[in-house]
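Spelled out, the chains give:
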Amino acid sequence: VQLQASGGGLVQVGGSLRLSCAASGRNLGSYAIGWFRQAPGNEREFVATISWSGRRTSYYDSVKGQFTISRDNAENTVYLQMNSLKPEDTAVYYCAAALDYGVGALRKVYEYQYWGQGTLVTVSS
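About the thresholds
Residues numbered from 1 in each chain as written. Predicted model: local features only at pLDDT ≥ 70, side-chain atom pairs only at ≥ 80, totals over all residues. Heavy atoms only, no water. Helix = DSSP H or I, 4+ residues; strand = E, 2+ residues; numbered from the N terminus. Buried < 20%, exposed > 50% of the residue type's maximum accessible area, 1.4 Å probe, protein only. Polar contact = N/O pair within 3.5 Å; in protein donor to acceptor, adjacent residues only side chain to side chain. Salt bridge = Lys/Arg side-chain N within 4 Å of Asp/Glu carboxyl O. Pairing = 2+ DSSP bridges. Axes fitted to C-alpha atoms, helices over the stretch in contact; angles between N-to-C directions.

Chemist: Mind showing me how you'd approach the environment of Gln117 here?
Modeler: With respect to the helices and strands, the residue Gln117 is situated in the loop between strand E10 (114-115) and strand E11 (119-124). You can call Gln117 partly exposed: its relative accessible area is 42%. It is 9.3 Å that separates the C-alpha atoms of Gln117 and Val92, two residues lying 25 residues apart in sequence. At a separation of 2.9 Å, a polar atom in the side chain of Gln117 contacts the main-chain carbonyl oxygen of Ala5.

Okay, here's the thing in C-alpha cells:
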C-alpha cells in the first residue's frame, strides 16, 4: 500500500484545513487508517484512527470535537478535517494503514504497517 498525504499548509489560529490520505496499490477496504503528527523535537503522536468500515473512530483527547476523521473507500481516501486550529497543532501529519482485524482502535505507531510521507501543517498566531 502506498499512501500519499496532502492538504497541509499555513493557516491562522482558528482556521481549518482538511488533510487527505490517498492510497494506491491496494484497496483500503481492509485497513484501519490512522493519522499521527510529529512536531519538531517531539515523538510522533497519535491523532485519530478509523476502522475499515468507517463505523469506529477514536481520537486523541486533545483533538476530540476539533478534528474529524472520515473515509471514502470507493475513492480509496481518508480525510482529517481540522477545525479551530491552534499553534500547538503545528506538526508534520502522517497517515498510516494497518490491517483491521477488528480488535479495537489502533493508537500506537508500531501497530501500523504502511506510512505516507507526511504533510506539514503550520498554525500561525
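Chemist: Got a minute to help me understand the pattern of salt bridges in this structure?
Modeler: Pairing is possible between side chains of opposite charge, provided their charged atoms come close. As enumerated under the stated definition, the model contains 4 salt bridges in all. The shortest N-O distance in the salt bridge between Arg37 and Glu45 comes to 2.6 Å. With a closest N to O distance of 3.0 Å, Arg37 and Asp89 form a salt bridge. A residue pair is termed long-range when its members are at least 10 positions apart, and Arg37 in strand E4 (residues 31-38) and Asp89 in the loop between strand E8 (77-82) and strand E9 (91-99) qualify at 52 residues. Since its relative accessible area comes to 6%, Arg37 is described here as buried.

Chemist: I keep staring at unusual backbone geometry and nothing clicks. Help me out?
Modeler: Residues other than glycine seldom take positive phi values, yet Asn76 does so here, at roughly 55°. Along the polypeptide, Asn76 turns up in the loop between strand E7 (67-72) and E8. On the basis of relative accessibility, which here comes to 13%, the residue Asn76 falls in the buried class. Unlike most non-glycine residues, Ser84 shows phi in positive territory, near 50°. With respect to the secondary-structure elements, Ser84 resides in the loop between E8 and E9.

Chemist: Whenever I open this one, the sheet that holds strand E1 (residues 2-6) confuses me. Can you help?
Modeler: Adjacent strands of a sheet form backbone hydrogen bonds with each other and so pair up, either parallel or antiparallel. Pairing within the open sheet is antiparallel, and its 4 strands lie in the order E1-E3-E8-E7. Of all strands in the sheet, those bounded by a partner on one side alone are E1 and E7. This sheet shows a mean twist of 15° between the axes of neighbouring strands, independent of strand direction. Bridge count between strand E3 (residues 17-24) and E8: 6 bridges; the pairing is antiparallel. Within the sheet, the bridge partner assigned to Leu19 lies in E8 and is Leu80.

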